[in-house]
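# Geometric and topological summary
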Amino acid sequence: MSSMITTSAWVPRGFAAPFPAKYNFDEAEFERIANLAKLQLDDANEELQEAQEEENGTSGEKDVDDSEEKAPSHDDEPEDIDLDDDDLKKYDLEHYDDDDEDAEGQRMDMFGNIRSLAYYESNKEDPYITIPDGEDDDDDDREELQILATDNLLLAAKVEDELAHLEVYVYEDEADNLYVHHDIMLPAIPLCVEWLDIPVAKPNVEQDSVANFVAIGTMDPDIEIWDLDTIDCMYPNAILGQGGNPENEEKKKKKKKKSKKANDEYHVDAVLSLAANRKHRNLLASASADKTVKLWDLHTAKCAKSYSLHTDKVCSLAWHSVESTVLLSGSYDRTIVAADMRAPEAKAPRWGVESDVENVRWDPHDPNYFYVSTENGIIHYHDIRNAPPNPSASKPAWTLQAHDESLSSFDINAHIPGYMVTGSTDKTVKLWNIQPTGPAMVVSRNLDVGKVFSTNFAPDAEVAFRLAVAGSKGTMHVWDTSTNAAVRQAFAHKISNKPEGEVKERLIGVEQDESSSEDEGGEGADENGEPESMDED
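Structural notes, computed from the coordinates.

What counts, and where the lines are drawn
- Residues numbered from 1 in each chain as written.
- Predicted model: local features only at pLDDT ≥ 70, side-chain atom pairs only at ≥ 80, totals over all residues.
- Heavy atoms only, no water.
- Helix = DSSP H or I, 4+ residues; strand = E, 2+ residues; numbered from the N terminus.
- Buried < 20%, exposed > 50% of the residue type's maximum accessible area, 1.4 Å probe, protein only.
- Contact = heavy atoms within 4.5 Å.
- Areas by Shrake-Rupley, 256 points an atom, 1.4 Å probe, with all protein chains shown as cover.
- Phe/Tyr/Trp six-rings, centres within 6.5 Å; stacked < 30°, edge-to-face > 60°.
- Lys NZ or Arg CZ within 6 Å of the ring centre and 35° of its normal.
- Polar contact = N/O pair within 3.5 Å; in protein donor to acceptor, adjacent residues only side chain to side chain.
- Pairing = 2+ DSSP bridges.
- Axes fitted to C-alpha atoms, helices over the stretch in contact; angles between N-to-C directions.
- Core = buried A, V, L, I, M, F, W, Y, C linked by side-chain atoms within 4.5 Å.
- Salt bridge = Lys/Arg side-chain N within 4 Å of Asp/Glu carboxyl O.

## Describing the overall build of the chain
A tally of helices and strands in the chain yields 7 helices and 30 strands. Among the 537 residues that make up the chain, the fraction classed as buried is 44%. Residue pairs at least 24 apart in sequence account for 52% of intrachain contacts in the chain once pairs closer than 6 positions are excluded. Surface summary for the chain: the accessible area is close to 30,700 Å², and the carbon and sulfur share equals 46%.

Here it is in structure tokens:
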């Protein structure tokens, strides 16, 4: 079975509900889902009808010929059953399904003095049963679903064969435990995930209160918003895009079919990147293969503004940490733009790179600088104050050939200055120490996750050295990089409670069942059961 994790994201401590709620499917929820799903059903019916019309048009002549060759035969018609037949009369088939209300049965007291026993229609009426039905089960379920204040959630967008879903992991640092808490089914291959700290379309909740939600971009043009504190949900809380407005879309369909041309209201192609604004919490930016960047108001679930900043697919976004209206965007047109969303008509500074952009990041420790990774495995470090007159004249502060293949993922540690991780399709993860003279590699690892698609440092200071890594093998690992000797030496001033003596490296994954591990034949492990990937380059 082939599987892969395409992207991942951490949830900071303290935001998840201690006891997630079970999904409540009432009449109001049924009506909401029916309205949202009606558009998708209509689309499917239209596509089916078009396909049938095309098929009938091309095979019409063939059908005519076949019908002439095959004359209808009366011999194949089923014969009627004669219920008056003497052999069938004794079975009284005409009244076979009728309820026999007057049937006489034997009384229960045939088994002895059983009539002195009392029975109740439900256990609630029985005075000898003091524990209500299901109460023990509910308590067990609550305990299994409990999330502690010291736990982190880790979100992983996973594809298994043709099935796409979001896995919600719980990471218990002190217990060295990582397990799947619940999952969310997705309509298409997920490409980007962004955690949200604001409720979206959640009834009976203040719209600016603190919450635990996630936005997911897929190969479909719509963005789905899910509540992470509710399990077993059938449908997202909100859909940003054409699928979220069934009433408006119904009117448009009467005039014309869906338009694939980029517009100011919704995306028409895959959503490649999402960025939540942490200061203006109701704003979510999205980048798409339709070459546009869109700004969404999460209070209304509507597109507030659309921007055409690039000439090719826009693949990465990042909000400035200080100037909260400035958005950094990278594109396959090999340019990076830093635009103020309040001034869409103003000319925004633009930088150029040697190949397609993979990811962009602001430096969390110096807001004047940003990082860019490219398909050629290069990291560029630019000063926003030195904007070039044209992209070809860009002069980065430094460049780093981090990998020989595409640099698919990288992250900057928000709590440890100069600490960077890069991941590549060459299957390696590299840790870097960025000094005034430039970056220096600390350690390189193959963590046995296949091609690396996601590398993320944990968001909380208590677990700042924890690194989540995932890739084409569909497995998630959390690496405690502070247990690596080279990392301890490079960032010794940042490590608290320094252990004495030799330290064993911690690499935490999801425990596999014995049966599944035996079937896999121990792939990727040596004779001692340790992953081969922990060898240093």
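## Things to note about the packing of aromatic side chains
In this description, an aromatic ring pair is defined by two values, namely the gap between the centres and the angle between the planes. Under the defined criterion, the tally for this structure stands at 12 aromatic pairs. Between the aromatic rings of Phe 15 and Trp 195, the centroid separation amounts to 4.7 Å while the plane-to-plane angle is 75°, which identifies the pairing as edge-to-face. With Phe 15 in the loop between strand E1 (3-11) and strand E2 (21-22) and Trp 195 in strand E6 (residues 190-196), this pair connects stretches of sequence that are 180 residues apart. Geometrically, the ring pair formed by Tyr 369 and Tyr 381 is stacked, given 4.8 Å between the ring centres and 10° between the ring planes. Here Tyr 369 is found in strand E20 (residues 369-374), whereas its partner Tyr 381 is found in strand E21 (residues 378-383), with 12 residues between them in sequence. Connected via pairs of aromatic rings, a cluster forms that spans Tyr 369, Tyr 371, Tyr 381, Trp 398 and Phe 410. Of note, Arg 361 hangs over the ring of Phe 410, and the distance from its end group to the ring centre comes to 5.5 Å.

## Topic: the side chain of Ser 329
Note on placement: Ser 329 falls in strand E16 (residues 326-331). According to the relative accessible area criterion, Ser 329 is buried, its value standing at 1%. Engagement of the side chain of Ser 329 in a polar contact is seen with the side chain of His 310, the distance being 2.8 Å. For Ser 329, the residues in contact, after removing those within four places along its chain, are Leu 309, His 310, Val 314, Ser 316, Leu 317, Thr 335, Ile 336 and Val 337.

## Focus: the sheet that holds strand E28 (residues 466-471)
Strands sit in the order E27-E28-E29-E30 across an open sheet of 4 strands; the sheet is antiparallel. Pairing within the sheet leaves two strands with one partner each, and these edge strands are strand E27 (452-457) and strand E30 (506-509). When the angles between neighbouring strand axes are averaged without regard to direction, this sheet yields 20°. Pairing of E28 with strand E29 (residues 476-480), which is carried by 5 bridges, proceeds in the antiparallel orientation. Across the sheet, Leu 467 pairs through a bridge with Trp 479, a residue of E29.

## Considering the environment of Ser 355
Looking at where Ser 355 falls in the secondary structure, it is placed in the loop between strand E18 (350-352) and strand E19 (357-362). A residue is classified by how much of its surface remains accessible, and Ser 355, at 2% relative accessible area, is buried. Counting along the chain gives 20 residues from Ser 355 to Glu 375, while the straight-line C-alpha distance between them is 6.0 Å. Look past the residues within four positions of Ser 355 in its chain and what remains in contact with it is Arg 334, Thr 374, Glu 375 and Asn 376. Here the side chain of Ser 355 touches Glu 354 through a polar contact of 2.9 Å, side chain to side chain.

## Digging into the pairing of E30
Judged by which residues are buried, E30 turns out to be one-sided: Arg 506 and Ile 508 face inward and are buried, whereas Leu 507 and Gly 509, on the alternate face, are not. Where E29 and E30 come together, 4 bridges link them in antiparallel fashion. Its bridge partner lying in E30, Trp 479 is registered against Leu 507.

## Let's talk about the nonpolar core
Ranked by internal contacts, the top residues of the largest apolar core, which has 21 residues, are Leu 196, Ile 223, Ile 225, Leu 240 and Leu 284. Going through the elements one at a time, E6, strand E7 (213-218), strand E8 (223-227), strand E10 (238-240) and strand E11 (271-276) are the ones with two or more residues in this core. The contact partners of Ile 223, leaving out residues within four places of it in the chain, are Ala 215, Ile 216, Ala 238, Ile 239, Leu 240, Val 271, Leu 274, Ser 286 and Trp 296. Residues Ala 16, Ala 164, Trp 195 and Trp 226 belong to the second largest nonpolar core, which totals 19 residues.

## Focus: the side chain of Ser 424
Here Ser 424 lies in the loop between strand E24 (419-423) and strand E25 (429-435). A polar contact is formed between the side chain of Ser 424 and the backbone nitrogen of Asp 426, at a distance of 3.1 Å.

## Concerning the environment of Pro 199
When you line up the elements, Pro 199 lands in the loop between E6 and E7. Residues Pro 199 and Asp 227, 28 residues apart in the sequence, show an inter-C-alpha distance of 7.8 Å.

## Re the pattern of salt bridges
Side-chain pairing between opposite charges can occur once the charged atoms of the two side chains come close. With the rule as written, the count across this model stands at 15 salt bridges. With its nearest N and O atoms 3.7 Å apart, the salt bridge here joins Lys 158 to Glu 167. Overall, Glu 167 belongs to the buried group, its relative accessible area being 8%. For Lys 473, the salt bridge goes to Asp 448, with nearest N and O atoms at 2.7 Å. With Lys 473 in the loop between E28 and E29 and Asp 448 in the loop between strand E26 (438-445) and E27, this pair connects stretches of sequence that are 25 residues apart. Relative accessible area serves as the criterion here: at 36%, Lys 473 is assigned to the partly exposed category. Of the residues examined, Asp 448 reaches a relative accessible area of 22% and is grouped as partly exposed. If you follow the salt bridges from partner to partner, you end up with Asp 173, Asp 176, Arg 466, Asp 480 and Arg 506 in one network.

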